Every structure is written in C-alpha cells, then in structure tokens.
Amino acid sequence: MPTAREHFKREHELRGWSQNELAVQLEVPDPQENKERCMKRKRYLLPFLLLAVIALLIPVALGAGILLVQNRSTKGTVVGALGALGLNQAGQHHLDKQEQRTKQPPAVNMDCTLIVPANPLSAQGLATPYQLTATNPANGPCNESNKAQAAFVQGAIIDPASGAISIYNPLVVDQGTQPAVEPQPPFGGQIPPGDSVALWFGSNGNTLTLQESNGSLGQGQCVNGSNGSIFGQVAYCNAPAFFQATDQAIQEGKLVPPPLGTALDGQPCPTTRDFSIVDQDPSDNVTTTYLVTASGQTAQDTQINLAALGSQVQKNGSDERLLTLVDAALGCTPWMAPDLANPGHMVPALPLNELQAATSQGMPVALVPNADPMVLVNNQPDLAKLNAYRAGVDQPFSPGAQASRTRTFCQHLLHIAPGRLLLDEPLTRQAPPADPAVANSLFTFLAQRFVTTYEANGLNCMKRLNQPDPVTVTTDANGVTIDATISVPGIPSPTGMSFDCVVNGIPLAGCMGTAMINGQACSFALDGNTRKITITCPVGV
C-alpha cells in the first residue's frame, strides 16, 4: 500500500510544487526532533492519509468530468486522463462512420477543356483524338465516360466541285489516355485538294473551352466565343468558310438539300429553326455519338467497334439530335450523309440540319435571339457575340438589337409551339424521350423544354409578353416530367378528345368494340390515359 509520502510526491508531480513546497506539505521532520513528535505524527498519519487521497482524487475527478463533457461536445476529439484516449479512439471511429453516412459525393465539375490537336482540318488531325481535361483541376476531373461532362466533336467535308458532303466525327478521350480503338484518317490520310473542312463542338457540361496545341486553334480558324467570353457548350472551327462553299454549291445547283416532306400530322416536317421544337438557345451542340467501354475508354461509334467492344453509347444533349427524334416520331427523315469513319453508313449532322433549315424553313424562322444565354456578355446582349454564334450555324447576321429581339422570338414561340405540341401529342407521347432522366416520353420532354424556355429560368417570355405559360408539367419525386397539359384557345387537348378508328374502311366509334380483319373478329380497346389502342385478334390473323 502506498505511503502518504508517495501520495504527496504524486501530488507534487501533478501540481508542479517546488522542493520547499513539498517539504512543507509533507511536514518533513528535522533529524534532531524528539521521538515523541514522531510518535504523534504516526497517530495522525492515517486520517491525514485519507484526507490527502480525497484531496488528490477531487481535481482528478473534476478534470475527468470536464474531459468527458468536452468529449461529448467535440464528438470524441479530446485526449485526456482516466482512459480518455481510449474513449476518443472509439468516439473518432464512430465519427468516421457517421461522416461516411452523411458525406455527400463531390459535385461534378461542369467546366471542361478540350485540347485541339495540331492541324485539326487535315486528315491526320481529324483522326487524332481530342483530349478532355478540367478547366480548373481544383474543381475535380473531367471524364469523357461521365455523361454529365462528355464533349463531342463533329466534322464535315464538302467537295465544292461536286457538292458532295461527307461526315467524319473525331474522337474525344481523357487527357493522357488512349482510345479503345485508334481512329483511322479519312480519305486514306489525305483530304482532296480544294475540299473544305469544318468542325463543330458540343458538351453535356456547362462550359467547354478549346485549348490549342502547337498552334491548332489558329490553324483551324476556331471560334470559342467573342470579346473574351466563350459561348458555353459549343464552339466551331472554319464553319463560315465551309458554309460559304456549301451555299455556293447550292446556288450552282451542285448541292440540293432534300425537301422536308410532310409529317404524319399533315404539317411540314420540322427543322432546327422551327418554333415547334426550339428552346432558349437554338441550333446548339452536335449529333455525334461515341462508344464507352467498361474501363472508361472511348471509341468512334462504328459498326465494327460496336461489334468488338459491345459498349454503351455516349450521346450529346443536342438540339440537332433532338430533331432526329422528332422526325422519327412524326414520320419524317433527317438529311444524312456518308460517315467516313463507318463506311457504308449514313449519319445526320449539324451542318446538314442547318443547311436544310436555311433553304426550307417557312416563316417565321427561329434564329438565335439576343437573350440566348450563349450570346450574352456579362449577362447582357452582345451583337458581336450573337453574330459570331450565328456564323457558326449558317444563320444571317443581325444588323442590330431590334432585328434579334427576344420578345419577337417569344411571340412566335407562344403562337406556334403549344399548338403543335397538342397536335403531335398522340405521336410524341408514344416516342422515347431525348433523356429518360428528364422526361418519360418525347411529348413530356418537349413540354418541359417549352416551360423552361418560356418561364423565368429561360428567356422569361412570361414577363416579356405579360402572358401566362400555356403548358403545365407534372414531375415525379425524382424531378422527371411524367405528364403535361397544354391550354390553347380553340384547340382541345387530346386528353379530352374522342378517337374513332377505321378498320378496312369501316368506322369503329371510339376505337372500342369488335371489327373484322381477314375474316376474323378482332377486339379493340382504347386506353384514354396512355392513348394506346390494344387490338386482340385470333391466332393466325
């Protein structure tokens, strides 16, 4: 059992007493003191010992209590006496698990840069993969395999002598990586003399900045914006010269864009400049698609590569690609040209869409308005940037703000889009959406697109026109648009319309009941909610 002296020495160590103070506390006797004093000390030693132990434990207990309180208030980050280290370790382990449960995944970097290879308009430059990287690495990486960040390049080549246009879509890879399959240069590695080559760029992120390598931006006559302000998702190289060559070929009759044709709704097939499908930033992005492997590598979307890789397809959220989806739903066919990377196959492309729109779109024409977010500088309209954008998609220059008024754009949008959305609802409601994460059908996708453009988060047409939004959308818990109602004076909604069917020339009221097909009775049932007609016939009919 420890003696009182040992206890007081421990107290000395804890309190930092000097030797004199320790001697006073211990009442060290002088060697000359008599035996009687020693005996007296022994009689009082036991109670004094108990008091000393109590005196020793009180501050320790108080300290431990303080540490425990601190431990609770800081979730186990304080290290102290009485096993506080062990408590802290257990508490910290709990904290780590708690942080793992509550920690949110880092935000995706939506601002990426595309490194343009040298001589981008040459055959070898077209076949050299572009490299995607973060504009600001501190905001996280950019990966081509990430749908939200992916960038796309589209190339077109025209032979002015014949007017023939071909398409070649260069590949994009992550910076410092290799493609899953090496692209092969078009025309055997040599662009025919006199041909004109142009490039267009699109992105699923917020901004895409072009970065040169060995003077590539100057060599390609690349335009990323104006007045030090980039467009955002899009850019182009040598597009004005390409369109000058195509326009000349059209005037000479060497290049003849195909007619639009008539849609299943009885209206002309739409173009990228039709107010029935445009949004706040018309004629943007490209139709290019890539293949992405499980390891994150990319390859050109060709039949051979698809058979070899079995990869998923990466698509650009594009006005140009949306046109092809609307065409399919309305029974229309987009203009296509040979794909030089995929011999024997035809593909749509931005320059083809814009050339067809320039020659065939009836009035009014949806040209890029001056409040398009991609043509603003410091959130204000900028005529130079507007015209720089228009030059890249073969649209006429605007002489001034009045000619490109957003209010006029809004008026045409309101007078045209809702009516055709209603007219086409039976066709587009059955068609797949451009993006399943946004809407559950092409109809609801187009409806939410109109709402976004018309209201405050878009061109704010409601305020410019002082007219309410005629389109109302319904979304689910994940924000996916699952339904829409459209109110247009004088045009009933298909939801409240009755449908009649004609079977082999015989009317069937309400598409309900039985009709004869090939001598057999077939039953017809109309689901008014899904606008689907179910026809059930005997086996063999």
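For the structure, check the block above.
Treat the numbers as computed from the prediction; the structure is a model and nothing was measured.

1. Observations regarding the packing of helix α12 (residues 406–428) against helix α13 (residues 442–454)
Each pair of packed helices can be summarised by the angle the axes make with each other and by the distance between the axes.
And step 1. The interhelical angle for the contact between α12 and α13, taken along N-to-C directions, is 165°, at an axis separation of 9 Å. Taken together, α12 and α13 sit at an angle that is classed as roughly antiparallel. The way α12 lies across α13 gives a crossing that is left-handed. Packed against α12, whose contacting residues are Leu413, Leu414, Ala417, Pro418, Leu421, Glu425 and Thr428, the element α13 presents Leu442, Phe443, Leu446, Ala447, Phe450, Thr453 and Tyr454 at the interface.
And step 2. Its residues placed into classes, the contact of α12 with α13 shows 11 nonpolar, 2 polar and 1 charged.

2. Comments concerning the environment of alanine 235
And step 1. Looking at the secondary structure, you find alanine 235 in strand β11 (residues 235–237).
And step 2. Setting aside residues up to four positions removed in sequence, alanine 235 forms contacts with Leu199, Trp200, Phe201, Leu210, Val223 and Asn224.

3. Observations concerning helix α7 (residues 239–251)
And step 1. Taking 1.5 Å per residue, 13 residues should reach 18 Å; α7 reaches 18 Å between its end C-alpha atoms and fits that length.
And step 2. Restricting attention to buried positions, one finds in α7 the residues Ala239, Phe242, Phe243, Ala245, Thr246 and Ala249. Looking down the long axis of α7, one finds its buried residues gathered within 155° of arc, a one-sided arrangement. Of the exposed residues in α7, those oriented more than 90 degrees away from the buried face are Gln244 and Gln251.

4. Here we look at the packing of aromatic side chains
And step 1. Evaluated as defined, the whole model comprises 9 aromatic pairs.
And step 2. Ring pairs connect the aromatic residues Trp200, Phe242 and Phe243, which therefore count as one cluster.

5. Focus on the sheet that holds strand β5 (residues 172–174)
And step 1. Taken in spatial order, the 4 strands of this open sheet run β5-β2-β1-β7, and their pairing is mixed. Each having just a single partner strand, β5 and β7 (207–211) make up the two edges of the open sheet. In this sheet, neighbouring strand axes are inclined to one another by 35° on average, regardless of whether the strands run parallel or antiparallel.

6. Concerning the environment of alanine 308
And step 1. Secondary-structure assignment places alanine 308 in helix α8 (residues 303–309).
And step 2. Taking the C-alpha atoms as reference points, alanine 308 and valine 181, 127 residues apart in sequence, are found 9.6 Å from one another.

7. Remarks on the nonpolar core
And step 1. Ranked by internal contacts, the top residues of the largest apolar core, which has 61 residues, are Leu114, Trp200 and Phe201.
And step 2. What leucine 114 contacts, discounting residues up to four positions off in sequence, is Tyr130, Gln131, Leu132, Ala151, Val153, Val172, Phe201, Leu208, Thr209, Leu210 and Gln211.

8. Re the side chain of aspartate 394
And step 1. With respect to the element layout, aspartate 394 can be found in the loop between α11 (383–392) and α12.
And step 2. It is arginine 273 that comes nearest to the buried, bridge-free aspartate 394 among opposite-charge side chains, at 4.9 Å.

9. Side note on helix α9 (residues 319–330)
And step 1. Taking 1.5 Å as the rise per residue, α9 with 12 residues should run 16 Å; its terminal C-alpha atoms sit 16 Å apart, in good agreement.
And step 2. Looking at the buried residues of α9, the elements they touch are β14 (312–315), α10 (350–360), α12 and α13.
And step 3. N-cap assignment for α9: the residue whose side-chain oxygen lies 2.9 Å from the backbone N of glutamate 320 is serine 318.

10. A look at the pairing of strand β1 (residues 111–115)
And step 1. For β1, the tally of buried residues reaches 4 of 5 residues, placing the bulk of the element in the interior.
And step 2. Two strands pair when backbone bridges link them, and β1 and β7 are joined in this way by 5 bridges, in the parallel orientation. Following the sheet pairing, leucine 114 is matched in β7 by leucine 210.
And step 3. The pairing of β1 with strand β2 (residues 130–134) spans 4 bridges and is antiparallel. Pairing of isoleucine 115 across the sheet is with glutamine 131, part of β2.

11. Structural notes on the side chain of asparagine 285
And step 1. When you line up the elements, asparagine 285 lands in the loop between α7 and β12 (289–292).
And step 2. Polar side-chain contacts of asparagine 285 include one of 3.2 Å to the side chain of aspartate 284.
And step 3. A distance of 3.4 Å separates a polar atom in the side chain of asparagine 285 from a polar atom in the side chain of asparagine 316.

Conventions adopted
- The residue numbers shown here count from 1 along each chain, following its written sequence.
- Given that the model is predicted, a residue must reach a pLDDT of at least 70 before its local features are reported, and side-chain atom pairs must reach 80 or more before they are shown or counted; all residues, however, enter totals for whole chains, interfaces and linings.
- With hydrogens and water excluded, all non-hydrogen atoms of the structure serve as input to the side-chain values.
- Only the stretch in contact is used when a helix axis is fitted, and all axes are lines through C-alpha atoms; the angle between N-to-C directions ranges over 0 to 180 degrees.
- Helix and strand labels come from DSSP, where a helix needs a run of H or I of at least four residues and a strand needs a run of E of at least two; each type is numbered from the N terminus.
- Should an angle fall under 35 degrees it is called roughly parallel, over 145 degrees roughly antiparallel, and 65 to 115 degrees roughly perpendicular, with every other angle called oblique.
- The hand of a helix crossing depends on one turn: near helix anticlockwise from the far one by less than a right angle means left-handed, and clockwise means right-handed.
- Here, two residues are considered to be in contact whenever any of their heavy atoms come within 4.5 Å of each other.
- Charged residues are taken to be Asp, Glu, Lys and Arg, nonpolar residues to be Ala, Val, Leu, Ile, Met, Phe, Trp, Tyr, Cys and Pro, and polar residues to be all remaining types, Gly included.
- For a helix, the expected span equals 1.5 Å multiplied by the number of residues minus one.
- Classification of residues uses two cut-offs on accessible area relative to the type maximum, computed with a 1.4 Å probe and protein chains only: under 20% is buried, over 50% is exposed, and between them is partly exposed.
- Here, the arc refers to the directions that run from the helix axis to the C-beta atoms.
- The rule is short: rings of Phe, Tyr and Trp, with Trp giving its six-membered ring, pair when the centres are within 6.5 Å, and they are stacked under 30 degrees, edge-to-face over 60, tilted in between.
- Whether two strands pair depends on DSSP finding at least two bridges between them.
- Put simply, a nonpolar core is a bunch of buried Ala, Val, Leu, Ile, Met, Phe, Trp, Tyr and Cys residues held in one set by side-chain atoms that sit within 4.5 Å of each other.
- In this charge count, Lys and Arg are treated as positive and Asp and Glu as negative; neither His nor the chain ends contribute.
- Here a salt bridge means any side-chain nitrogen of Lys or Arg lying within 4 Å of a carboxyl oxygen belonging to Asp or Glu.
- Think of a polar contact as two N or O atoms within 3.5 Å of one another; within protein, one of them needs to be a possible hydrogen donor and the other a possible acceptor, and neighboring residues in sequence only count if both atoms come from side chains.

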